[in-house]
Structure formats: structure tokens, C-alpha cells
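Breakdown of the fold
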Amino acid sequence: MTQHTRPLRQWFVALLIVAGIAIPSGALAQGAGLGAAGELVDSDVLRVCADPSNMPFSDQSGKGFENKLAELVAAKTGRKSVAYTWYPTATGFVRNTLRSNHCDIIMGYAQGDELVQNTNAYYRSTYVMLFKKGAGLDDVMSIEDTKLAGKKIGVVAGTPPAANLAKVGYMRNVLPYPLMVDTRLAPSMADVMIKDLMKGTIDVAILWGPMAGYYANEINPDLAVVSLAKEKSGHMAYRITMGVRPSDQEWKRTLNKVIKENQPEINRILLEYHVPLMDENDKPIMQ
């Protein structure tokens, strides 16, 4: 759901979804491991696969919300500490981290991707539209609104909202932003886009919600933030899970139990980072 940029993971789905290369099925065979029988999960240390510079998700200094969630999971599963395998969100992320047994969990992964085994979803968010209040767009609730026809619109190339903009014929006014950015070397695409919005380079910014909420609060908390979860076409809302190896069934069950028993605390952490949380009926979760 980079962002680094990643979605959905980044996109995930593209956005969201961390890219990787499939490995031969024989490479997944495992013998007795450190955790449950047949699983290579460390029982003493929570070994996390993460991007070292991908706010608001993860950061080598521990400032991201996935860092905070890792601390929660470690405490609830009896781990003594959290250790990271750092790798940029790019092609090969899964292959070089989780699938290579360097770590045991990806803290945020879009539901349904085949590179990992998903836990139950622990949050659901959506793409959003941001604009300055009082600029003639205050009642705009959809990409299809005709008030956007003459506006300069910033969107990440290749993400679902871009397809909707093309359908309604607004691409001539679109300023595309790159799908993948190595934020170890350059600012986050979300940071750049929202600053462009404030400068007037664009009139509207369309971003994955967790990024939009965090950077909008950092740059200008008074920006209008409109959920696109109810767009008539396209898939704008995604469920985010934790990702584990396909062979780690007991580990997945343990994490599902942690999620179920600690959902209010998980929501609290996410809301502190201004993640727009949505329930299954596309209604905002405020607490």
C-alpha cells in the first residue's frame, strides 16, 4: 500500500506491492528451524525485513509506524529485541530478505500478492485527493468531478488513480510523478508532490493515503484530504497485512492472534501518523 517509494507497497501493488523475483519451489524447502518445527523463525529476536528510508513506513532511525508496530509485535510474541535486515523497496526486496531467510516478517504488505504469505489484514486504507481549502474545490469528492477538468493534477504514474484520470479525459492536465524513488538519495515523492501543491505547481495531489496523511500533516495540516474509496471505477482501497514465508504457518497464526488481540493499539499507532483508516464499508476509523 515508495513510496519509497513504494503503495500499494508501492505500488504496492504497484504501489503497494514490493517487487521481487520468483524463486524455484525447491528453494523453499526447510528443515527444522529456530521456531516451530519446520520453520526458520527466530524465537528470541523479531527479525524484520524493511526499507531503511521509507517514511512514514520504516526508517533506519526507528521513526516509522512499521518500526513502532514491530516493537509491539516483538513484545506480544515474547521476543527480546527487534533486528532489521535493511533493503530498499525495489525489485528483489522479497527475494533478498524474507525469501533468503535473513528476516522473518515484512511489517506492511498488500493483501493478495503471491510473493509472500499474508497474515490477516491489520489496516485498510485508500488513495486520497489533496487540495488547498478555499481554492474552489471544497465540494469535490471524486476524480470524475468536472471541476477538476482544468486543474493541474499530480499523480504517481502507474497507480490506480492515473487510470481513472485517463478514463475521464484529464490526463492532458496531469503532472506525473515517478513510481519508484530511492529515498536514500532523493526526497520522498509524496514530500515533493505536496510541496508542489503548496507552491502552486499543481492544484491537486493524488496519493496513497498513509503517505498523504503523514506528509500533509508535516507540511500543511490544513489541506483538504478526500478519500477516493468510493470511486465508481478502479480499486482505490487496499488491505494491508504482514508478510511471512509460505512455509511459516505457525508464525502466521501467531501474528494473526497478535493482530486480533491488539487491533485498538495498532489503530492508535497508525492514527498517530495520520494514516486514513477505512472500515469495510469505506467509513473512516477515527480511534
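Note that the coordinates shown come from a computational prediction; the quantities given were computed from them, not determined experimentally.

Quick look at the overall build of the protein chain now. Looking only at helices and strands, the protein chain has 7 helices and 12 strands in total. In the protein chain, which comprises 287 residues, the share counted as buried stands at 53%. A total of about 12,000 Å² of accessible surface is found on the protein chain, and carbon and sulfur atoms cover 52% of it.

Take the environment of His 274 next. Residue placement: His 274 occurs in the segment after α7 (263-272). It is 8.9 Å that separates the C-alpha atoms of His 274 and Tyr 215, two residues lying 59 residues apart in sequence.

Two elements in contact, helix α4 (residues 189-199) and helix α5 (residues 209-219), have axes whose closest approach is 9 Å; the angle formed by their N-to-C orientations is 50°. Here α5 runs oblique to α4, going by the angle between their axes. The element α4 and its partner α5 pack so that their crossing is right-handed. Touching Met 189, Ala 190, Asp 191, Ile 194, Lys 195 and Met 198 of α4 are Met 211, Ala 212, Tyr 215, Ala 216 and Ile 219, all from α5. For the contact of α4 with α5, the per-class residue count stands at 9 nonpolar, no polar and 2 charged.

Of all residues in the protein chain, 87% have pLDDT values of 70 or greater, and the mean over the chain is 87. Taken as a whole, residues 1-35 scores under 50 in pLDDT and shows 155 contacts with residues more than four places along the chain or in a different chain.

This part takes up the side chain of Glu 39. Summarising the element assignment, Glu 39 is placed in the segment before β1 (45-50). The side chain of Glu 39 sits in the buried core without any salt bridge; Arg 253 is the nearest counter-charge, 5.4 Å away. A distance of 3.0 Å separates a polar side-chain atom of Glu 39 from the backbone nitrogen of Gln 249. Only 3.2 Å separates the side chain of Glu 39 from the backbone nitrogen of Trp 251, close enough to count as a polar contact.

Our next topic: α5. Among the 11 residues of α5, 8 are classified as buried, and the element is accordingly described as predominantly covered. Restricting attention to buried positions, one finds in α5 the residues Gly 209, Pro 210, Met 211, Ala 212, Gly 213, Tyr 214, Tyr 215 and Ala 216. Looking at the packing, one finds that the buried side of α5 touches α1 (65-76), β7 (123-131), α4 and β10 (204-208).

Each value, and the rule that gives it
- Residues numbered from 1 in each chain as written.
- Predicted model: local features only at pLDDT ≥ 70, side-chain atom pairs only at ≥ 80, totals over all residues.
- Heavy atoms only, no water.
- Helix = DSSP H or I, 4+ residues; strand = E, 2+ residues; numbered from the N terminus.
- Buried < 20%, exposed > 50% of the residue type's maximum accessible area, 1.4 Å probe, protein only.
- Areas by Shrake-Rupley, 256 points an atom, 1.4 Å probe, with all protein chains shown as cover.
- Axes fitted to C-alpha atoms, helices over the stretch in contact; angles between N-to-C directions.
- Parallel < 35°, antiparallel > 145°, perpendicular 65-115°, else oblique.
- Left-handed = near helix turned anticlockwise from the far one by under 90°.
- Contact = heavy atoms within 4.5 Å.
- Nonpolar A, V, L, I, M, F, W, Y, C, P; charged D, E, K, R; others polar.
- pLDDT = per-residue confidence, 0-100.
- Lys, Arg positive; Asp, Glu negative; His and termini not counted.
- Salt bridge = Lys/Arg side-chain N within 4 Å of Asp/Glu carboxyl O.
- Polar contact = N/O pair within 3.5 Å; in protein donor to acceptor, adjacent residues only side chain to side chain.

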